[in-house]
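Chain by chain, the residues run as shown.
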Amino acid sequence: MIPLAAPVLPVADLERWASRIEGWTGAHREAIGIRLFDAPSHGLPDLDAYAQAILDEQRPEAERNHLAGLAYLRFAGWLEFGLIDSETHDRRPLLDSEAALLVRRLGWAFEAGDAAQAIDESVPRVRDYEALRLEMMRVLAVTPIWAGVSAGPSLVPGDHGPRVDQLRTRLTSEGLLDANWEEGAPYDLRLETAVRRYQGRANLAPTGRMDQATLRQLNLPPDRRVGQLMANLEQRRWRTRELGQRHIWVNLAEFRLEAWQDGELVREHEVMVGTQASSTPEFSEEMQYIVLNPWWGLPAGSARPRFQSFRRNPGLVREHGFQIYNAAGAPVSVYEIDWSRWGNDWPYRMSQPPGPTNPMGEVKFIFPNRHNVYIHDTTERDQFVRTRRDFSAGCIRVRDPLALAAWVLEGQEGWDRGRIDAVTAGSSPTVVWLDDRIPVHIAYWTVVGDGEGRVRYLNDLYRRDGSVIDSYLAAYEIGAGDVPRVTRGPSGAFAASFD
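Residues numbered from 1 in each chain as written. Predicted model: local features only at pLDDT ≥ 70, side-chain atom pairs only at ≥ 80, totals over all residues. Heavy atoms only, no water.

### Some words on the confidence of the model for the chain
Looking at the chain as a whole, its pLDDT mean stands at 89, while 93% of the residues score no less than 70. Confidence scores differ between elements of the chain, with strand S17 (residues 494-497) showing the lowest mean pLDDT of 52 and helix H14 (residues 401-408) the highest of 98. Scored below 50 in pLDDT, residues 1-6 makes zero contacts in the model with residues more than four places away or belonging to other chains. (pLDDT = per-residue confidence, 0-100. Helix = DSSP H or I, 4+ residues; strand = E, 2+ residues; numbered from the N terminus. Contact = heavy atoms within 4.5 Å.)

Shown next as structure tokens:
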């Protein structure tokens, strides 16, 4: 069967939609024109030429109205839907349905007497957006300039030489080290402490040594840092506006899970995420149920090493309670396995029941998705003391999962914390369906707010930022252009053209 092509959604004709906007007044035009100057603070292309033309009283009023409509659709469209597509990273056109929404919103703003409200309502209302926007304004006001650290081996306490001086200069520019240091001084305790602080802010392992991961982060050029900030603002514009009255938010780059309710952050949990080889994807789905005392169905990548251990010591199967099944789903004894068939057609799979050695721990949270990724407990709880926590096969391991389960089941009859503890004290698998599904949003953001109005630039753990930044900057370069010349055609309709 030939697969059906994805439907092609109609792209908006901005000229046509701008001509449909009625009700312009001088006050409305001025409000839109002034708001356009804010575009760079959102990491978006400069629209100053449009603003100046709209505010230019020497231009005909009808022309300024049309320019105001075009500029509004462009700016509000970028804010509401993004400059580039979240999947392809190509420059994203405004669709007809989206333009219709924006025109209706502007009409409502006209009726309310404040045209700027239409743009303000398109600004993303997701965590840290305003902190990143303030950082963008700071960066635009003072272009960051800093020296890098020359390539070479890792630096450790006791080292000295030009690269140690470069490291001191770089950390001084970050505000992590006083400037009163002596050239040629060895890598001392003060420098080691500054490196640890820098690593902690970036979510790198705070070793105090300048390893290669730290060197890469230190040497990110200023223009690339600005691109990272722009891309992170764009990534926030991609997120669902209605996140859910109660929802869970996970930022993979920050190793952090948050539970939100009625617009308030009510719980925070540290998490472990997938390794670089099995990186955790970004997506949003709804949590439908949780499993207390879950079984572990081993994925192929985890099962094969276990089978190798069982081949050497079959007694481990009984010791850990594993159950082995053939291709037909029938249970088999480890002594019945045909080891000569080891290869790509290996017909066996394996599961482990609840217990102290089950890697799922005491609870897992299920939000069905095509990635087969979910949130669960872990038996490796001692690893939460580490700053960099990319240890899993792709799922998200959460600290203090029973407290999270109590929050998820809050208000659900018969499932208070006491009942949860009583069930997990046993070994019977128990599925609890949620009365109300909870949206789960998994993101990968490398610039985050620090809670004090500033931002932290995190280590790009999965190396995902590069392609997003490159695509965004390419779209950014062609995003603004000059203000068009507006003319009225024979039919009386306006048309904009570039000289």
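### Focus: the packing of aromatic side chains
Counted by the stated rule, this structure contains seven aromatic pairs. Ring geometry for phenylalanine 310 and phenylalanine 322: centres 5.3 Å apart, planes at 55°, overall tilted. Taken as a pair, phenylalanine 310 in helix H12 (residues 300-312) and phenylalanine 322 in the loop between helix H13 (315-320) and strand S6 (323-325) lie far apart in primary sequence, 12 residues in all. Ring centres 6.4 Å apart and planes at 35° place the aromatic pair tyrosine 472 and tyrosine 476 in the tilted group. Of this pair, tyrosine 472 and tyrosine 476 are both found in helix H16 (residues 465-477), four residues apart, which corresponds to roughly one turn of the helix. A residue is classified by how much of its surface remains accessible, and tyrosine 472, at 0% relative accessible area, is buried. Sitting over the ring of tyrosine 325, arginine 349 keeps its end group 4.7 Å from the ring centre. Lying across the ring of tryptophan 415, arginine 419 places its NZ or CZ 3.9 Å from the centre. (Phe/Tyr/Trp six-rings, centres within 6.5 Å; stacked < 30°, edge-to-face > 60°. Buried < 20%, exposed > 50% of the residue type's maximum accessible area, 1.4 Å probe, protein only. Lys NZ or Arg CZ within 6 Å of the ring centre and 35° of its normal.)

### With respect to the environment of aspartate 436
The topology assignment puts aspartate 436 in strand S13 (residues 430-443). Between the C-alpha atom of aspartate 436 and that of arginine 246, which follows or precedes it by 190 residues, the distance is 9.5 Å.

### With respect to helix H8 (residues 162-173)
In this model H8 runs 17 Å from its N-terminal to its C-terminal C-alpha over 12 residues, within 8% of the 16 Å that 1.5 Å per residue would give. If you check which residues of H8 are buried, you get Arg163, Val164, Asp165, Leu167, Arg168, Arg170 and Leu171. Check the buried side of H8 and you find it contacts helix H9 (189-202), helix H10 (212-218) and helix H11 (222-238). Positive phi appears at glycine 175, one or two residues downstream of H8, with a value of about 80°. (Expected span 1.5 Å × (residues − 1).)

### Re the side chain of serine 122
The topology assignment puts serine 122 in the loop between helix H6 (116-120) and helix H7 (129-141). Looking at serine 122, the relative accessible area reads 0%, which means it is buried. Separated by 3.2 Å, the side chains of serine 122 and glutamate 80 make a polar contact. In this structure serine 122 touches Ala76, Leu79, Glu80, Leu102, Arg105 and Arg241, once residues within four positions along its chain are discounted. (Polar contact = N/O pair within 3.5 Å; in protein donor to acceptor, adjacent residues only side chain to side chain.)

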